[in-house]
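Each chain, letter by letter, is given below.
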Amino acid sequence: MGMGNAPVLILREGTKRDKGKDAQFNNITAARTIADAVRSSLGPRGMDKMLVDSIGDVVITNDGVTILKEMDVQHPAAKMLVEVAKTQDQEVGDGTTTSVIIAGELLKKSLDLIDSNVHPTIIAAGYRLANEKAQEILKGVAKKVSLQDEALLEQIAETSMISKQVNSSKKFFAKMVVDAVKTILDKDENGKYTADLKNIQTVKKAGANMEESELVKGLIIDKEPVSPTMPKLVKNAKIALIDAAFEVKKPEIDAKIQITDPEMLSKFIAEEEKTLKDMVDAVKKAGANVVFCQKGIDDLAQHFFAKEGIYACRRVKKSDMERLGKSTNASIVSKISELNADDLGTAETVELKFVGDEQMTFITGCKDPKTVSILVRGGTNHVADEVERSLVDAWSVVKVSIEDGMIVTGGGSTAMELAMGVRDYAASVGGREQIAIEAFASAMEIIPTTLAENAGLDPINMVIEMRKQHKAGKKYAGINPFTGKVEDMMDLNVIEPIRIGQQAISSATDAAVMILRIDDVIASKSAPA
Ligand code: ADP
C-alpha cells in the first residue's frame, strides 16, 4: 500500500457520518424536538396528548413518560432524552415532563455557547459543577415532612394530580393514596421508612364514576366462584392454591373404548367420579374452605366443592396466584393429593362482591397486612387507564416524600431559587466555565417560563416578577396558573418531594453532557441506511 497522499479508507465509502459542529447541531436539534413535544403538557394548565398507533389504538395522557414511550422515536440523541424520562419514572415516579424539558433547555443553551466558540468539554464541565451546586441549593430550600403530617402528604399527592384528568377528584384520591402507602410502609434496620410499591395492586373496571374507586386492604381477584351455589362469604378463610387441574386426564391419543354392557359403562363413570371426589376430598382433608386453581375445574368437581361449601375459583392468573401466596402465606401446590394443612394460607374474609354488574373476589384481613388493592373506576377504559396512571404518580410522590422526609415548593418557585443561586455561584468560579454555569442557571427558568406559557400568560413578565420577589427573599414565590399571578406556593400548598428536582436535574445534566461530548456520529454496521 502506498504511503503517498491518498487518503487511507477506513470506513466504507458512503458511510453516514456527521462530524464536529454538524454532529452536535443535529444531535441537539433532535433532542430538543423531544423536549418541545412534551412542553405544552407541563403543569396544571398543560394540555393532553392523543397518541394513535399504527392499528388505531388511542392513548390520551398528560403523563410525560407515557407520551415519550408511545412516541416512535428514531434519532439516537432523541432516544437519550426518552431515557431521561424513563429514569425519572423509575427513580421517582413523577416529574418526567420536567426532567425532559430541563434537559432540552440545557442543550439549547449549549448550542448558543458552541456558536460563540466555547468548547463542548468546557460546557460539560461547567454543567457538572452547576449540577452539584444546584443539588446543594435544593437541600437548603427544602422543608422537612414526617409521617404524621397527613395533611401535608395529601397535599403532595394532590399537587401531582392537578394537571391530570383526576383533578376534580384529587382530594378523594389523595386520601386514598396516603392511606395505601402508609399501610404498606416498612422500617429498615436503621429506622428508615421504605415502601415497596409492588404491594399496591390495581384492578381496573370501566363503567362507573372515578369516585367509586375503592381502596381494599387486601387483594381483589377478578374471578367468581365456579358455581352459584357456593358460599358468597367465607370467614376465617383457609386458602389452598393449586396449580393443577381438577379434571380426569384425557388420554393423549384418541382412544376408543368399546363398551359392551351397561354395567361396564356405570363402572367406567364411577371410576371417573371417584378420581374427582378424591381430589376434592384431599382439599377438604387439608382443611381448606377456599380454593384458587390456576387450571380448570371439571363440572363434577365443581359440584363436589359446592356440596362441601368450599369457595372455588378456576383459571386464576399466575400473577394473582403469586400475590395470593405472598399475602395469605400459602404455598402453591401442584400435586393435589399432596396438599396438607401447612400449605394453606389464611385471611379473615373471602367475599364475592359486585363491581358494576360483574362479580369479583375480595380477600381481606390477610396474614401479611402490607398488601393493598385499589379498584380503579372510570367512565370509559381510557379514563380508567388515566386514573390508574395518575394514582401511580401520586403514590410514588407520597412514597418518596416519606422515604426522604423532604419537600420543596412547585410552580417554578424552586427552579427560580436554583437559577439565582447557581448564577451567584458562577461568578465565584470564573474562567470559561463561568459562562456555562450561567447558561445552566438560566436553563432552570424554563420551568416557570413553560408554566406561564401553558397558562396563556406572558412568560417574560412573569419571570421578571418572580425574580423580583425572590430577590426580596420570597423563596416560595411561584406561578399560580389559575389566577395568572405570582403567589406564595407554600400558602397554596403546591408542594412536591425533593427527589423530583434532584433526579430531574441530575439526569438532565447527564444526558446533556453525554450528548455534548459526541462530535462524531458514524452509522454502525447494522444501522439502517
Ligand atoms: P411532570 O410530568 O413533570 O410531573 P406535570 O404536568 O405534572 O409534569 O407538571 C408539574 C409542574 O406543575 C411542576 O412544576 C409543579 O410545580 C407545577 N404545578 C402543579 N400544580 C401547580 C399549581 N397548583 N400551581 C402552580 N404550579 C403547579
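Residues numbered from 1 in each chain as written. Predicted model: local features only at pLDDT ≥ 70, side-chain atom pairs only at ≥ 80, totals over all residues.

The local shell around the ligand holds 25 residues, among which Gly-43, Thr-97, Thr-98, Gly-410 and Gly-411 are the closest. Within the residue set of the shell around the ligand, elements represented by two or more residues are helix H4 (96-115), helix H14 (446-454) and strand E18 (477-480). Partitioning the shell around the ligand into residue classes produces 8 nonpolar, 15 polar and 2 charged. Mapped onto the domain boundaries, the shell around the ligand takes at least three residues apiece from domain 1 (18-144 + 409-519) and domain 2 (146-217 + 370-404). (Near = placed C-beta within 6 Å. Helix = DSSP H or I, 4+ residues; strand = E, 2+ residues; numbered from the N terminus. Nonpolar A, V, L, I, M, F, W, Y, C, P; charged D, E, K, R; others polar. Domains from an automatic or database assignment.)

A word on the packing of H4 against helix H16 (residues 498-516). With their axes 8 Å apart at the nearest point, H4 and H16 run at an angle of 40° to one another. Relative to H16, the element H4 is oriented oblique. Two packed elements cross with a definite hand, and for H4 against H16 that hand is right-handed. On the side of H4, the interface is formed by Thr-98, Ser-99, Ile-102, Ala-103, Leu-106, Leu-107 and Ser-110, while H16 contributes Ile-500, Ala-504, Ile-505, Ser-507, Ala-508, Thr-509, Ala-511, Ala-512, Ile-515 and Leu-516. Tallied by class, the residues present in the contact of H4 with H16 amount to 12 nonpolar, 5 polar and no charged. (Axes fitted to C-alpha atoms, helices over the stretch in contact; angles between N-to-C directions. Parallel < 35°, antiparallel > 145°, perpendicular 65-115°, else oblique. Left-handed = near helix turned anticlockwise from the far one by under 90°. Contact = placed C-beta atoms within 7 Å.)

All right, on to the domain arrangement of the chain then. The domain boundaries assigned to the chain delineate domain 1 (18-144 + 409-519), domain 2 (146-217 + 370-404) and domain 3 (222-368). The gap between the C-alpha centroids of domain 1 and domain 3 is 55 Å.

So, on to the environment of Gly-126. Within the secondary structure, Gly-126 is located in helix H5 (residues 120-141). Separated by 314 residues in sequence, Gly-126 and Phe-440 have C-alpha atoms that sit 8.2 Å apart. In this view, Gly-126 contacts Glu-433, Ala-436, Ile-437 and Phe-440; residues no more than four positions away in its chain are not counted.

Moving on: helix H3 (residues 76-91). For H3, spanning 16 residues, the distance from its first C-alpha to its last is 23 Å, which sits close to the expected 22 Å at 1.5 Å a residue. Those residues of H3 that sit buried are Ala-77, Ala-78, Met-80, Leu-81, Val-84, Ala-85, Gln-88 and Asp-89. Buried residues along H3 sit against helix H1 (20-39), helix H2 (64-70), H4 and H16. Phi turns positive one or two residues past the end of H3, at Gly-93, with a value near 90°. (Expected span 1.5 Å × (residues − 1). Buried ≥ 20, exposed ≤ 12 C-beta atoms within 10 Å, placed from the backbone.)

Okay, unusual backbone geometry next. Negative phi characterises most residues that are not glycine, and trans characterises most peptide bonds. Not every positive phi belongs to a glycine, and Asn-117 is a case in point at roughly 65°. As for its placement among the helices and strands, Asn-117 is situated in the loop between H4 and H5. For Arg-315, which is not glycine, the phi torsion reads 50° and is therefore positive. Note on placement: Arg-315 falls in the loop between strand E12 (311-313) and helix H10 (318-328).

Looking now at the sheet that holds strand E7 (residues 200-206). Reading across the sheet, the 3 strands line up as E7-E16-E8 and stay open at both edges, with mixed pairing between neighbours. Of all the strands in the sheet, the pair left with one neighbour each is E7 and strand E8 (214-216). Sheet twist, expressed as the average angle between the axes of neighbouring strands with direction ignored, equals 20°. Pairing of E7 with strand E16 (residues 372-378), which is carried by 7 bridges, proceeds in the parallel orientation. Following the sheet pairing, Val-203 is matched in E16 by Leu-375. Across the face of the sheet, helix H11 (residues 381-404) comes into contact with E7 and E16 while running at roughly 140° to E16. (Pairing = 2+ DSSP bridges.)

Attention shifts here to the sheet that holds strand E17 (residues 406-409). With antiparallel pairing, the 3 strands of this open sheet are ordered in space as E4-E17-E20. The sheet is open, and its two edges are formed by strand E4 (143-144) and strand E20 (495-497), each paired on a single side. Summarising the sheet, E4 and E17 pair through 2 bridges and their orientation is antiparallel. Bridge pairing links Lys-143 to Ile-407 in E17.

So, about the packing of H1 against H4. Between H1 and H4, the least distance of the axes is 8 Å, while the angle of their chain directions is 145°. The two elements H1 and H4 cross, and the hand of that crossing is left-handed. Every residue of H4 that contacts H1 at Lys-21, Gln-24, Ile-28, Ala-31, Arg-32, Ile-34, Ala-35, Asp-36, Val-38 and Arg-39 is listed here: Thr-97, Val-100, Ile-101, Ala-103, Gly-104, Leu-107, Lys-108, Ser-110, Leu-111 and Ile-114. Across the contact of H1 with H4, the residue classes tally to 11 nonpolar, 4 polar and 5 charged.

Before going further, it helps to examine the confidence of the model for the chain. Per-residue confidence for the chain averages 90 on the pLDDT scale, and 94% of its residues sit at or above 70. In the model output, the complex is listed with pTM 0.79 alongside ipTM 0.98. (pLDDT = per-residue confidence, 0-100.)

Structurally, Ala-206 is set in strand E7. Put simply, Ala-206 and Asn-381 are 175 residues apart on the chain and 5.2 Å apart in space, counted from C-alpha to C-alpha.

It is worth spelling out the nonpolar core at this point. Counting residues in each nonpolar core, the largest one holds 144 residues, and the members touching the most others are Ala-31, Ala-103, Val-177, Ile-239, Val-291, Val-398 and Val-422. Sorting elements by how many residues they give to this core places H16 first, with 10 residues. In contact with Val-177, not counting residues within four places along its chain, are Ala-157, Leu-391, Ala-394, Trp-395 and Val-398. (Core = buried A, V, L, I, M, F, W, Y, C linked by C-beta atoms within 7 Å.)

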